[in-house]
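A closer look at the structure
The lines below spell out each chain.
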Amino acid sequence: DAMVIQNPRYQVTQFGKPVTLSCSQTLNHNVMYWYQQKSSQAPKLLFHYYDKDFNNEADTPDNFQSRRPNTSFCFLDIRSPGLGDAAMYLCATSRDSIDEQFFGPGTRLTVL
Amino acid sequence: AQSVSQHNHHVILSEAASLELGCNYSYGGTVNLFWYVQYPGQHLQLLLKYFSGDPLVKGIKGFEAEFIKSKFSFNLRKPSVQWSDTAEYFCAVEEGGSYIPTFGRGTSLIVHP
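What you see is a predicted model, and the numbers here were worked out from it, not measured in a lab.

**Remarks on the state of the cysteines**
All chains considered together, the criterion is met by two disulfides over all chains. The residue that forms a disulfide with Cys23 of chain A is Cys91 of chain A, at a sulfur-sulfur distance of 1.9 Å. Its S-S torsion of about -70° marks the bond between Cys23 of chain A and Cys91 of chain A as left-handed, since a negative value means left-handed. With Cys23 of chain A in strand E3 (residues 19-25) and Cys91 of chain A in strand E9 (residues 87-94), this pair connects stretches of sequence that are 68 residues apart. The partner cysteine of Cys23 of chain B in its disulfide is Cys91 of chain B, sulfur to sulfur 1.9 Å. Handedness of the Cys23 of chain B-Cys91 of chain B disulfide follows from its S-S torsion of about -65°: it is left-handed. In this pair, Cys23 of chain B is assigned in the loop between strand E3 (19-21) and strand E4 (24-25) and Cys91 of chain B in strand E10 (residues 87-95), connecting sequence segments 68 residues apart. For the pair Cys23 of chain B and Cys91 of chain B, one class covers both residues: buried.

Now the structure itself:
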């Protein structure tokens with residue numbers, strides 16, 4: 001089945017230690033998104049790619065970076081995780097502006 | 001900036017009760033509207049969507065939502081809930097053509113058997 005896959009599902013890192021979260025999709029969608037979701041809050045968009053075009057939300061900290069080496073894969077790099085970065089990170093895809101988003105299962109990040 | 005309000009943060013119902021979850025948004029132009037559901041331990045998935053046409057939209061599992069443009073609302077309804085409807089429900093609003101939805105903070109629904 002076509003889907004959005006996120007690895008790992010759970011990630012534990014130390015304060016200040018860089019971490020990379022990955023997302024892959026078999027849907028061949030051209031738009032990919034990264035969201036941060038904290039408990040009882042709305043998913044917060046960090047950035048998205050429209051094809052190869054990177055779009056950063058204005059309030060996304062510089063600590064967060066992303067890479068999309070090809071259509072199928074997208075990575076979220078957190079250069080120096082702080083305690084406040086502990087959250088669920090969701091990857092989603094969509095097909096242009098005419099379709100809904102398809103979400104991965106998320107990666108729960110714990111920062112010690 | 002666009003904002004999406006879900007006024008009910010926690011809802012507890014008994015099976016067979018009727019459900020209505022509120023969603024209001026602030027954008028005055030053309031919008032695409034979504035309800036997503038997240039069952040315990042699962043990923044977010046689409047429940048229903050409205051792009052144009054009939055403002056009463058039917059989705060999966062007996063859910064429906066009504067777009068009332070004058071009220072900037074897109075409330076979710078189900079006439080008779082089941083225990084399996086226990087989940088987190090998110091409303092999302094996309095300014096027409098932007099492909100960037102804004103999510104509400106979600107409503108946690110617990111249905112007692």
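**Considering the interface of chain B and chain A**
The interface of chain B with chain A comprises 18 residues on the first partner and 21 residues on the second. Buried surface at the junction of chain B and chain A, both sides included, amounts to about 1600 Å², of which 60% is carbon and sulfur. Contact with chain A buries surface across chain B, with Leu44, Tyr99 and Phe103 of chain B losing the most and accounting together for 35% of the total. Scanning the region where chain B abuts chain A turns up one salt bridge. Note that Glu100 of chain A and Lys49 of chain B form a salt bridge whose closest N and O atoms lie 2.9 Å from each other. In this structure, the connection of chain B to chain A is made through three residue pairs in polar contact (both at pLDDT 80 or more).

**Thoughts on the side chain of Ser66 of chain A**
Residues and elements named next belong to chain A. Looking at where Ser66 falls in the secondary structure, it is placed in strand E7 (residues 64-67). On the accessibility criterion, Ser66 (12% relative accessible area) is buried. Engagement of the side chain of Ser66 in a polar contact is seen with the backbone oxygen of Phe75, the distance being 2.8 Å. Ignoring any residue separated from it by four or fewer positions in sequence, one finds Ser66 in contact with Trp34, Phe47, Tyr49, Phe54, Cys74 and Phe75.

**What to know about the pairing of strand E6 (residues 53-56) of chain A**
All names here are of chain A. In terms of strand pairing, strand E5 (residues 44-50) meets E6 through four bridges, oriented antiparallel. Bridge pairing in E6 links Phe47 to Asn56. Hairpin remark: E5 followed by E6, antiparallel, with two residues in the connecting loop; positive phi at Asp51, about 55°.

**Describing empty space enclosed by the protein**
Counted by the stated rule, this structure contains one cavity of 30 Å³ or more. Its boundaries defined by the atoms lining it, the largest cavity holds a volume of some 40 Å³. In terms of residue class, the lining of the largest cavity is built from five nonpolar, two polar and three charged.

**So, the packing of aromatic side chains**
Per the stated rule, a full pass over the model turns up 15 aromatic pairs over all chains. When the centroid spacing of 6.2 Å and the interplanar angle of 25° are considered together, the rings of Tyr33 of chain A and Tyr35 of chain A count as stacked. Assigned by exposure class, Tyr33 of chain A and Tyr35 of chain A land together as buried. Centre to centre, the rings of Tyr35 of chain A and Phe103 of chain A are 5.9 Å apart; their planes meet at 40°, and the pair counts as tilted. With a gap of 68 residues between them, Tyr35 of chain A in strand E4 (residues 31-37) and Phe103 of chain A in strand E10 (residues 102-103) connect regions that are remote in the sequence. Cluster of aromatic residues (ring-pair linked, three or more members): Tyr33, Tyr35 and Phe103 of chain A together with Phe34, Tyr36, Phe51 and Phe103 of chain B. Sitting over the face of the ring of Phe51 of chain B, Lys49 of chain B holds its NZ or CZ atom 5.3 Å from the ring centroid.

Criteria and cut-off values
Residues numbered from 1 in each chain as written. Chains lettered and ligands numbered in written order. Predicted model: local features only at pLDDT ≥ 70, side-chain atom pairs only at ≥ 80, totals over all residues. Heavy atoms only, no water. Disulfide = S-S within 2.5 Å. Helix = DSSP H or I, 4+ residues; strand = E, 2+ residues; numbered from the N terminus. Buried < 20%, exposed > 50% of the residue type's maximum accessible area, 1.4 Å probe, protein only. Contact = heavy atoms within 4.5 Å. Buried area = accessible area lost by both parts, 1.4 Å probe. Salt bridge = Lys/Arg side-chain N within 4 Å of Asp/Glu carboxyl O. Polar contact = N/O pair within 3.5 Å; in protein donor to acceptor, adjacent residues only side chain to side chain. Pairing = 2+ DSSP bridges. 1 Å grid on protein atoms, 1.4 Å probe; cavity = no way out; pocket = protein on both sides within 12 Å on 5 of 7 lines; lining within 4 Å. Points joined across faces, edges and corners; volume = space filled by probe spheres on them. Nonpolar A, V, L, I, M, F, W, Y, C, P; charged D, E, K, R; others polar. Phe/Tyr/Trp six-rings, centres within 6.5 Å; stacked < 30°, edge-to-face > 60°. Lys NZ or Arg CZ within 6 Å of the ring centre and 35° of its normal.

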